[in-house]
Amino acid sequence: MTALPERRRKRTIAMVLTTVAVMIVGPLLGYVGVRAVLDSTGGKDATAGDLPVAEFPSTPAAVLFTTDEGGVLAGITVFVLSPTGSGGSIVPITVNSDVGFDDAARRSVRNVFAEEGPEAAVFAVESLLLLSVEYSAVEGPSGLTSMLAAHEPYQVTLASPVVAEQDADSIEAGAAVLDAATAARVLTWGAGTVSEDARIVNAEAVWAGYAAAAGSGASPAAAATEAPVDFDDLVARVGSGPVGSRGIAHAPFEAKNNPDGLDVSNLDRADAVFVFASVAPGSMSAPNQGPIIRVEAPSGFDAQVRKTIAILLFIQGNVVSVTTGASPQAGTVWLVPDQADLLRIPTDDQIFGQVSFGEPTVRYDGVNATLVLGTDYLESVQL
């Protein structure tokens, strides 16, 4: 197990060299207009320094690399601790997620793990998710079984059967109740030989079962106000309170973008940012050249918010905080604490529609601007 708390800031700079824009998401007719909004921060508002500063709560993240008996990478799971210090989020991602960012040199996290080791794989995961990771661990079937024993049994619904050499040891697709050892077998089965599309769906089912079973487990040894001391402590705390679990959207590459036909998957960067900026804003990185942005939207528009994040990433913005619990309002508003150019109120932007600059009441630490998405814009987004 490896603790990595000292490397977070250094990696933000390094990520600039390894992170590129997400794929184009529809015609960006409003590119110039959005850039003007994002770049119009030359002046200083005389009252900006008087605003109260809101700091994002501590939400440390850890990554678990699961291997089979032969040491082949079988799973990647990210744990995020809740600001309360108990409970949190569990996010499995595909081990064949591409980190090559080059059509001629596709390379998965699994390749990085096998060729360069766990520490390089942690860096690859950070670059892929735009998330700083403080702790990591590598566990084979035995260690994984011990870890899962804390909350067994698990009620799951498997999308694919887990086939064993002995038919009696196989697990049929569908609803099942798994003990820790069997859950570990599902998570490590078929590593490197079975389609990752099939494997990740079963992994998501197991971790969803884990999340449902956790919450009333053993209390963490340390007080919730203290920082986790290591990977085991963080995972114990996540399992000691309410837990949510969900995967990240991904899709195969078109043949022209994967000419060698490698087993790599295109992880949806915008979906990853949507998830982690919602649950771990204090751990998000900002590698792009543009401003650091918080996005606020009312509930019921998750897909539209994800598409908006994709646009902001494409034009080199950094989204580090997302909330979908804002009060609904028709118009879209930019809140820029250091904004002096009030001549752009209101502005008619080709992406966000009728936009105005509002008066911020708080300055989020490290954030240049808050984008409050209005329902007029959100209802117009084509999915």
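First, a word on what this report is: a plain description of the structure on this page. Everything numeric here is computed off the predicted structure, so don't read it as measured data. (Residues numbered from 1 in each chain as written. Predicted model: local features only at pLDDT ≥ 70, side-chain atom pairs only at ≥ 80, totals over all residues. Heavy atoms only, no water.)

Once that is clear, we can look at the overall build of the protein. Check the secondary structure of the protein and you find eleven helices and 18 strands. A total of 383 residues make up the protein; the buried ones form 51% of that total. Contacts in the protein between residues at least 24 apart in sequence constitute 73% of all its contacts with a sequence separation of at least 6. (Helix = DSSP H or I, 4+ residues; strand = E, 2+ residues; numbered from the N terminus. Buried < 20%, exposed > 50% of the residue type's maximum accessible area, 1.4 Å probe, protein only. Contact = heavy atoms within 4.5 Å.)

Spanning 13 residues, helix H10 (residues 302-314) covers 18 Å between terminal C-alpha atoms, matching the ideal 18 Å at 1.5 Å per step. At its buried positions, H10 is contacted by helix H9 (269-279), strand E12 (292-296), strand E13 (318-323), strand E18 (369-372) and helix H11 (375-378). Note on H10: the residue one or two positions beyond its end, Gln 316, has a positive phi of about 70 degrees. (Expected span 1.5 Å × (residues − 1).)

A few words on the environment of Asp 365. Here Asp 365 shows up in the loop between strand E17 (363-364) and E18. Along the sequence, Asp 365 and Val 53 sit 312 residues apart, while their C-alpha atoms lie 6.1 Å from each other. Discounting residues that sit within four places of it in the chain, Asp 365 has contacts with Val 53, Ala 54, Glu 55 and Phe 56.

Here the bond from Glu 152 into Pro 153 is cis, since omega is 0 degrees, no more than 30 degrees from zero. When you line up the elements, Pro 153 lands in the loop between helix H5 (141-148) and strand E7 (154-158). Notably, Leu 130 is not glycine yet its phi reads approximately 60 degrees, a positive angle. Tracing the chain through its elements places Leu 130 in the loop between helix H4 (118-129) and strand E6 (135-139). Phi at Gln 316 is positive, roughly 70 degrees, even though this residue is not glycine. For Gln 316, the location among the structural elements is in the loop between H10 and E13.

What follows concerns the pairing of E6. Counting buried positions along E6 gives four out of five residues, so the element sits mostly inside the fold. Taken together, the five bridges between strand E3 (residues 61-67) and E6 define a ladder with parallel strand orientation. Residue Leu 64 lies in a different strand from E6, and its bridge partner there is Ala 137. (Pairing = 2+ DSSP bridges.)

What follows covers helix H7 (residues 196-213). Taking 1.5 Å of rise per residue, the 18 residues of H7 would be expected to cover 26 Å, and the 25 Å separating its terminal C-alpha atoms lies within 8% of that figure. Between the side-chain oxygen of the N-cap and the backbone nitrogen of Asp 197 there are 3.2 Å, and the N-cap of H7 in question is Ser 195. Positive backbone phi, approximately 110 degrees, marks Gly 215, located one or two places after H7. (Polar contact = N/O pair within 3.5 Å; in protein donor to acceptor, adjacent residues only side chain to side chain.)

This part covers the environment of Glu 296. Here Glu 296 shows up in strand E12. Counting along the chain gives 28 residues from Glu 296 to Thr 324, while the straight-line C-alpha distance between them is 6.0 Å. Excluding residues within four positions of it along the chain, Glu 296 makes contact with Thr 323, Ala 326, Tyr 364, Thr 370, Leu 371, Val 372 and Leu 373.

Here we take up the packing of aromatic side chains. Aromatic ring pairs: the centre-centre distance and the angle between the two ring planes describe each pair. Counted by the stated rule, this structure contains six aromatic pairs. For the ring pair Phe 79 and Phe 231, a centre distance of 6.3 Å and an interplane angle of 85 degrees mean the geometry is edge-to-face. In this pair, Phe 79 is assigned in strand E4 (residues 73-81) and Phe 231 in helix H8 (residues 231-238), connecting sequence segments 152 residues apart. Residue classification places Phe 79 among the buried residues on the basis of a relative accessible area of 0%. (Phe/Tyr/Trp six-rings, centres within 6.5 Å; stacked < 30°, edge-to-face > 60°.)

Below, the discussion takes up the pattern of salt bridges. Scanning all chains against the criterion turns up eleven salt bridges. Its salt-bridge partner being Asp 263, residue Arg 110 comes within 3.1 Å of it at the nearest N-O pair. Here the residue Arg 110 occupies a position in helix H3 (residues 109-116), and Asp 263 occupies one in the loop between strand E10 (250-252) and strand E11 (265-267), the gap between them amounting to 153 residues. When its relative accessible area of 14% is taken as the criterion, Arg 110 is described as buried. Residue classification places Asp 263 among the partly exposed residues on the basis of a relative accessible area of 39%. (Salt bridge = Lys/Arg side-chain N within 4 Å of Asp/Glu carboxyl O.)

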